[in-house]
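Next come the chains, spelled out residue by residue.
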Amino acid sequence: MPNQSKHLCVVGIQWGDEGKGKVVDVLSSEFDVVVRYQGGANAGHTVKIGEKEYVFHLLPSGILQADKVCVIGNGVVIDPRALIEELDQLRKSGIEHEDNLWISDRAHVVLPYHRALDQARETAASAGGKIGTTLRGIGPCYTDKAARLGIRMIDLIDAERFRTMLQRNLALKNAELSKVYGGQTLEFEPILEEYLRYADRLRPRVRDISELLLRAEREGRRILFEGAQGSLLDVDLGTYPYVTSSNTSFLGLGAGTGFSQRRVGTVLGITKAYSTRVGEGPFPTELKDATGDRLRAIGNEFGATTGRPRRCGWLDMVAIRYAVQLGDIDALAITKLDVLDGFEEVRVAMSYQLSGKPIESFPTVLDPGLEPNYVALPGWKKPITDAKKLEDLPRPTRDYLQFIADESGCPISMVSVGKDRSATIQLRPWLEPGPGRAARGVHA
Ligand code: IMP
């Protein structure tokens, strides 16, 4: 990867859990700096090396490699407790790369009242109002950021300022917790004491990161930007209100780092070979039947952060085309292709219909009555995990990949055929789309 440009952005183009952690890990050897730019400890990026599996929530996946500078951008909301736990876990595994990590002084801090409010709001919401959040305090923290109440890393590491801000915010949040939700209030002193300890540990790692990134670029170093969640969970362009609270698509990069998006040459969109979603919200190709259960079992589709079973279904080309378009995606990485190994046929939704009316493009509101129109392609019924190059894949597998390229209008640059780092096929040259949709006179 990437053959034309210096910097690369990796984004999920479904509802998250596309396997970005593995892709970033595979590609990071070609880069000097790895950056997270949005989201928080709601993310769960899994990397498997040999027998060992690592799950990252806040740390950029590049942290496994000793020579990478890792950056947490200002667009990320940081739960210091979760971050320190992650660093300590790594230390226990013998990976001590903390000195390679830089945290934006402008990033907002997730505090216990954010988690308490996340929980209280979800518990109080009526059936249709629940989002199914990860309960990590993400929404309430971004709410404070937009309301200009937020506490940033620069405030956390200044004990006096933190004390004053925490006092002010806790009074407001306790009033909300008790008066609006009838819940327990939180005590000031224990939070202050705990978070000042975290501040002492993290202080040496906190700095202005936009300046660091610009300098890295001037010195000719290559930067990999690692998106969290997926484009369809984008707060502006996703399936609102069933979304997370940040810009999960490529659009979040500039605001979340201060680094100009125009300088990022290649955007790689990650999609599974089928679809999953966790939490509430519309999911047109969801399979609430034995096939869905089979995808979940084979794909081990349980949340890396919350352990919740993921909802599973076939690939949704309407959604893929939408995400490719809004993310200005240059190439696709197809992950978990091996999960489809045993299936007689593989289906792809090409359009939807609602009460008999055809819908070709991704609607702003996805009506629960929306029905997908599928095409069925032959399955391959062979294990593919040992394939090292495109030609090693069975004919129907290659046809499926070509179909995805044709119908999305986007080349494929990488295919993942198993969990391990080594079970990855990098396509050089990229698998280019043929005439596909355009040839049939259908326009996105
Ligand atoms: P929140 O980000 O915890 O507020 O959750 C909002 C929605 O985004 C819920 O449907 C979550 O399940 C979903 N979500 C948040 N983070 C992830 C992720 O990393 N993978 C998949 N879904 C996520």
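Residues numbered from 1 in each chain as written. Predicted model: local features only at pLDDT ≥ 70, side-chain atom pairs only at ≥ 80, totals over all residues. Heavy atoms only, no water.

Colleague: Mind showing me how you'd approach the overall build of the chain here?
Modeller: Scanning the chain from terminus to terminus reveals 13 helices and 20 strands. Each of the three principal axes of the chain carries a C-alpha extent, and together these read 65 × 50 × 40 Å. Within the chain, the proportion of its 444 residues that are buried is 57%. For the chain, the proportion of contacts with a sequence separation of at least 24, taken over those separated by at least 6, is 75%. As presented, the chain carries roughly 18100 Å² of accessible surface, and 51% of it is formed by carbon and sulfur atoms. (Helix = DSSP H or I, 4+ residues; strand = E, 2+ residues; numbered from the N terminus. Buried < 20%, exposed > 50% of the residue type's maximum accessible area, 1.4 Å probe, protein only. Contact = heavy atoms within 4.5 Å. Areas by Shrake-Rupley, 256 points an atom, 1.4 Å probe, with all protein chains shown as cover.)

Colleague: How should the site of the ligand be read in this particular structure?
Modeller: Lining the immediate environment of the ligand, one finds 15 residues, of which Asp-17, Asn-42, Thr-134, Thr-244 and Arg-308 sit closest. Thr-134 has a polar side-chain atom sitting 2.6 Å from an oxygen atom of the ligand. For the ligand, an oxygen atom lies 3.0 Å from a polar atom in the backbone of Val-278. Taken domain by domain, the makeup of the shell around the ligand includes at least three residues from each of domain 1 (8-79 + 212-431) and domain 2 (108-204). (Near = heavy atom within 4 Å. Polar contact = N/O pair within 3.5 Å; in protein donor to acceptor, adjacent residues only side chain to side chain. Domains from an automatic or database assignment.)

Colleague: Sorry, what's going on with the domain arrangement of the chain here?
Modeller: One widely used convention gives an interface's size as the accessible area the parts lose upon coming together. Parsing the chain into structural domains produces domain 1 (8-79 + 212-431) and domain 2 (108-204). The C-alpha centroid of domain 2 is placed 30 Å from the C-alpha centroid of domain 1. Contact residues are listed per partner, giving 22 residues for domain 1 and 18 residues for domain 2. Counting each side, the surface lost to burial between domain 1 and domain 2 is near 1500 Å², with a carbon and sulfur contribution of 55%. Among the residues of domain 1 in contact with domain 2, Val-77, Ile-78 and Asp-79 are the three that bury the most area, contributing 34% of the side total. The tally of links from domain 1 across to domain 2 stands at one salt bridge. For Arg-115, the salt bridge goes to Asp-79, with nearest N and O atoms at 2.4 Å. Scanning the region where domain 1 abuts domain 2 turns up seven residue pairs in polar contact (both at pLDDT 80 or more). Along the lines of polarity and charge, the residues of the side of domain 1 that touches domain 2 split into seven nonpolar, twelve polar and three charged. (Buried area = accessible area lost by both parts, 1.4 Å probe. Salt bridge = Lys/Arg side-chain N within 4 Å of Asp/Glu carboxyl O. Nonpolar A, V, L, I, M, F, W, Y, C, P; charged D, E, K, R; others polar.)

Colleague: Mind showing me how you'd approach the pairing of strand β3 (residues 45-49) here?
Modeller: One ladder, built from five bridges, connects β3 with strand β4 (residues 52-56); its direction is antiparallel. Along β4, the bridge assignment pairs Thr-46 with Val-55. Where β3 folds back on β4, the antiparallel hairpin that results is connected by two residues, among which Gly-50 adopts a positive phi of roughly 60°. (Pairing = 2+ DSSP bridges.)

Colleague: Mind showing me how you'd approach the packing of helix α3 (residues 112-124) against helix α4 (residues 138-146) here?
Modeller: Packed helices, taken two at a time, are described by the angle their axes make and the gap between the axes. The N-to-C vectors of α3 and α4 enclose an angle of 115°; their axes lie 7 Å apart at closest approach. Both α3 and α4 take part in a crossing whose hand is right-handed. Across from Tyr-113, His-114, Leu-117, Asp-118 and Arg-121 in α3, the residues of α4 making contact are Ile-138, Pro-140, Cys-141, Thr-143 and Asp-144. Partitioning the contact of α3 with α4 into residue classes produces five nonpolar, two polar and three charged. (Axes fitted to C-alpha atoms, helices over the stretch in contact; angles between N-to-C directions. Left-handed = near helix turned anticlockwise from the far one by under 90°.)

Colleague: I tried to follow the nonpolar core on my own but got confused; where do I start?
Modeller: Side chains of a nonpolar character, in soluble globular proteins, are inclined to be buried together. Ranked by size, the top nonpolar core spans 59 residues in total, and within it Leu-213, Phe-225, Leu-340, Tyr-400 and Ile-412 carry the most contacts. Here this core takes five residues from helix α12 (residues 395-408), the largest share from any one element. One finds Ile-63, Ile-95, Ile-103 and Ile-191 within the second-largest nonpolar core, a separate group that totals 39 residues. (Core = buried A, V, L, I, M, F, W, Y, C linked by side-chain atoms within 4.5 Å.)

Colleague: I'm lost on the environment of Pro-60 in this one. Help?
Modeller: Tracing the sequence through the fold places Pro-60 in the loop between β4 and β5 (69-72). Linking Pro-60 and Val-24, residues 36 residues apart in sequence, is a C-alpha distance of 8.8 Å. If we ignore the near neighbours within four places in the chain, the residues touching Pro-60 are Val-34, Arg-36, Cys-70, Val-71, Ile-72, Leu-101 and Glu-226.

Colleague: Mind showing me how you'd approach the side chain of Ser-249 here?
Modeller: Within the element layout of this structure, Ser-249 appears in the loop between β10 (223-230) and α9 (252-257). Note on Ser-249: relative accessible area 0%, which makes it buried. Separated by 2.9 Å, the side chains of Ser-249 and Asp-234 make a polar contact. For Ser-249, the contacting residues outside a window of four places in its chain are Val-11, Tyr-37, Ser-231, Asp-234 and Leu-326.

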